[in-house]
Amino acid sequence: DAGVIQSPRHEVTEMGQEVTLRCKPISGHDYLFWYRQTMMRGLELLIYFNNNVPIDDSGMPEDRFSAKMPNASFSTLKIQPSEPRDSAVYFCASRPLRLNTEAFFGQGTRLTVV
Amino acid sequence: AQSVTQPDIHITVSEGASLELRCNYSYGATPYLFWYVQSPGQGLQLLLKYFSGDTLVQGIKGFEAEFKRSQSSFNLRKPSVHWSDAAEYFCAVGGGGSQGNLIFGKGTKLSVKP
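Residues numbered from 1 in each chain as written. Chains lettered and ligands numbered in written order. Predicted model: local features only at pLDDT ≥ 70, side-chain atom pairs only at ≥ 80, totals over all residues. Heavy atoms only, no water.

Colleague: Whenever I open this one, the overall build of chain B confuses me. Can you help?
Modeller: Helices and strands together make up the secondary structure of chain B, namely 0 helices and 12 strands. Shown N-terminal to C-terminal, the secondary structure of chain B runs as helices and strands in the order β-β-β-β-β-β-β-β-β-β-β-β. For chain B, the C-alpha radius of gyration of 14 Å lies close to 13 Å, the compact-globule estimate for 114 residues. Dimensions of chain B, computed from C-alpha atoms along their principal axes, come out at roughly 45 × 30 × 20 Å. (Helix = DSSP H or I, 4+ residues; strand = E, 2+ residues; numbered from the N terminus. Rg over C-alpha atoms; globule rule 2.2 N^0.38 Å.)

Pasting the structure below:
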C-alpha cells in the first residue's frame, strides 16, 4: 500500500477563498483523522471518522471548517472562507479498528493563506 | 480529561550522548501509548508503541520507552544519539479499539551537536 496520500502538498491561497484538502486513507482502515499542526498549538485533532461516519468534530475550530468522507477511500477538509490564521500544516491519518494498532500519517498539506 | 505533557520544548545533546525525552499522560482508562518522530517537512513516523505486557518497549532506530503506570509516564530513551536523530518527537495517548482518537503532546525538538 502507498500509505496515506494527501493532496496537494502545498497550497497558497488568498484570504476569502475556498480551500479543499484531500486525503486517501490506507485501504481497509476504519478510522480517518484530520489534524492541524501549528507552532503555537502543536498537533490538534480536528475531526475523526469511523467507517465514514464523523465521530467527534469538537476540534473543528469554527463553522468555516467542514469535513466529509463520502466513501472509505476518500475524505476532504474544506475551509470556506479561508483566513490567514488558518495557515498551518494539515495532516490526515488512518488506522484499523482492531486493537494494538497505530495511526499512519500522510505527508501533510502545508496551507498558506495570504 | 485526556492530555499529554511533554515538559521539554527543546533539548540539545551531543552526538554519542544518551537521551531521555519525557512524557506524562492523563487518561481515564488503560492507555495505549505511542512515540512518533517528525523530520522537517515530513509526516509523523511511528517509533514505538505500548499496549500491554512488558513495560519496556523497543522501537526502531535504537529507541526504547518505559511505561510507568504509577508515574503516568512513558519516557523515550536512546543510549547513544546520532546526528540523524535530530527531529521533533511526539508522545501520544489513545484508547485503541473503539476509542479511535489519539491525543498528542506539544512535541520536543531534539538538536544534536557534533
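Still more ground to cover, so stick around.
Colleague: Sorry if this is basic, but what is going on with the side chain of Glu-102 of chain A here?
Modeller: Position of Glu-102 of chain A among the secondary structure elements: in the loop between strand 9 (88-95) and strand 10 (104-105). For Glu-102 of chain A, the side chain forms a polar contact with the side chain of Lys-49 of chain B, separated by 2.7 Å. With residues up to four places along the chain from it excluded, the contact list for Glu-102 of chain A reads Ser-94, Arg-95 and Pro-96 of chain A together with Phe-34, Tyr-36, Leu-46 and Lys-49 of chain B. (Polar contact = N/O pair within 3.5 Å; in protein donor to acceptor, adjacent residues only side chain to side chain. Contact = heavy atoms within 4.5 Å.)

Colleague: Just to check I follow, could you spell out the interface of chain B and chain A for this structure?
Modeller: When the parts of a complex come together, some accessible area is lost, and that lost area is often used as the size of the interface. Across the boundary between the two partners, chain B contributes 21 residues, which contact 22 residues of chain A. Of the roughly 1,800 Å² buried between chain B and chain A on both sides combined, carbon and sulfur atoms contribute 53%. At the boundary of chain B with chain A, the tally comes to 1 salt bridge. Note that Lys-49 of chain B and Glu-102 of chain A form a salt bridge whose closest N and O atoms lie 2.7 Å from each other. Between chain B and chain A we count 5 residue pairs in polar contact (both at pLDDT 80 or more) in total. With 5 residues, strand 11 (residues 99-104) of chain B is the largest single contributor of residues to the side of chain B that touches chain A. (Buried area = accessible area lost by both parts, 1.4 Å probe. Salt bridge = Lys/Arg side-chain N within 4 Å of Asp/Glu carboxyl O.)

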